[in-house]
Amino acid sequence: MNEKLQRLSKKLKDQKVDTFLISNYYSIYYLSGFKGAVSEDREVYLVYSKKKLNLVAPRLYQEEAKALSSKDLKVFITSERDKLLATATDLLDAKQTVGFESEDLKYKEYEETRLLLKEKKLISLENLVLGIREIKTGEEISLIRKAQEITYKALKKVLPLIKEGITEKEISEKLRLSMLSLGAESESFGSIVAANKGSALPHYETSNKKIKNGDMILIDWGAKYKGYCGDSTRVIFLKKVPGDTVANVYNLVLKAQEKAINGLKAGMTGSEGYDMANKVFVENKVEKYFTHGLGHGIGLAVHEEPYLRKTVEKPLLEGSVFSVEPGLYFTKWGGIRIEDLVALRADKAEVLGSYPKEIVIL
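Residues numbered from 1 in each chain as written. Predicted model: local features only at pLDDT ≥ 70, side-chain atom pairs only at ≥ 80, totals over all residues. Heavy atoms only, no water.

Colleague: In this structure, what is going on with the sheet that holds strand β6 (residues 122-125)? I would like to understand it.
Modeller: Within a sheet, adjacent strands bond to each other through the backbone by hydrogen bonds, running parallel or antiparallel. Pairing is mixed in the open sheet, where six strands are placed in the order β4-β3-β2-β1-β5-β6. What marks the edges here is a single partner per strand, and that holds for β4 (73-78) and β6. Across the sheet, the mean angle separating the axes of adjacent strands is 25 degrees when strand polarity is ignored. Note that strand β1 (residues 19-22) and strand β5 (residues 98-101) share three bridges and pair parallel. (Pairing = 2+ DSSP bridges. Helix = DSSP H or I, 4+ residues; strand = E, 2+ residues; numbered from the N terminus. Axes fitted to C-alpha atoms, helices over the stretch in contact; angles between N-to-C directions.)

Right under this line is the structure:
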């Protein structure tokens, strides 16, 4: 039995659940290695029963699925996609309590499964596989580090191409192509390139706006490598920094990030991590401009456990990997965010990859 399956078996034993329906795309990939499906669609299920995994896939993916067959993983191919859930339900050990991922299973699927199981008990297990995925193996951390290194190298290649007249979308596309040329399988997400006031919107939609000399440009981008995501944010300036206020805010955000990274350790809560950065903003009376959490977990998905937010009292675990990305946003002129990824050790946070953080003027 492999390590991931052992961890799943132990978690289910602790919950007194012997059979489990797994529907989350990334959790299926994590446990089985199957990644042929489209992540946004419900095209495969994974069933844990009798200490083994059973992968249910349609004929479309039969070659990829069958190639994964092993002593720990049995593959079942359905003739039609609409038979996937019924086939998965047949594999559930209905003599026992049946668990499902409460954060992922759609209500329609829940109702269909409940009817198929008839009088058997169906219970939700919140964040069970996500909790296993939260603690990364050494191999996973190495893959995220590689993704982050590609992420940084791509920006380094693109920076000399950013000149007056280039558009936000053109910068985004050059970043994408650069990441692919460096070995990424894809982007982790669509890169955000936001000039001036657009940078005040944390999830700004990159446009055809042309860059001008004197512009401030926020870039949020990341490479995906062998299934694992990179993620970083930097703010750059074309020809000059537009005033002392902007420079002061930049340095304040950088101070908050460094304060948090230097103080993070396993066992502290997500809110305690958040507070280390936010205290810098409170001391400077700008905390109302810090409008999001300090960070989010990353791995197979760009956003996963853990989260560093004001209200999160869950302890941060050794081996987790997450972003540290304080930001201040001003609707009149724009926002500053600086983001890096860290792997949490017992008594410190290890930054994955390396890229300069001082103010960059092109």
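Colleague: In this structure, what is going on with the sheet that holds strand β11 (residues 228-229)? I would like to understand it.
Modeller: With respect to topology, three strands assemble into an open sheet ordered β7-β10-β11, the strand pairing being antiparallel. The two strands at the open ends of the sheet, each matched to only one other strand, are β7 (186-187) and β11. Of the pairings in the sheet, the one linking β7 to strand β10 (residues 223-225) comprises two bridges and is antiparallel in character. Looking at β10, one finds that Glu-187 is bridged to Ala-223.

Colleague: Hey, could you run me through the UniProt feature "domain: Peptidase M24" (unreviewed entry) in the chain in this one?
Modeller: Mapped onto this structure's residue numbering, the UniProt feature "domain: Peptidase M24" (unreviewed entry) falls at residues 143-344. With 32% helix and 24% strand, residues 143-344 has its two end C-alpha atoms placed 15 Å apart. (UniProt positions renumbered as here; feature names shortened; annotations may be inferred.)

Colleague: Just to check I follow, could you spell out the domain arrangement of the chain for this structure?
Modeller: Reports often express the size of an interface as the amount of accessible area lost when the parts come together. For the chain, the assigned domains are domain 1 (3-133) and domain 2 (135-361). Between domain 1 and domain 2, the C-alpha centre-to-centre distance is 34 Å. With eleven residues of domain 1 in contact, the opposing surface of domain 2 contributes 13 residues. Regarding the contact of domain 1 and domain 2, the summed buried area is about 920 Å², with carbon and sulfur atoms giving 49% of it. Linking domain 1 with domain 2 are one salt bridge. Between Arg-133 and Glu-304 there is a salt bridge whose closest N-O contact spans 2.7 Å. When contributions to the side of domain 1 that touches domain 2 are tallied by element, the ones reaching two or more residues are α1 (3-14), α2 (25-32) and α6 (128-134). Looking at the side of domain 1 that touches domain 2 residue by residue, the class counts come to four nonpolar, two polar and five charged. (Domains from an automatic or database assignment. Contact = heavy atoms within 4.5 Å. Buried area = accessible area lost by both parts, 1.4 Å probe. Salt bridge = Lys/Arg side-chain N within 4 Å of Asp/Glu carboxyl O. Nonpolar A, V, L, I, M, F, W, Y, C, P; charged D, E, K, R; others polar.)

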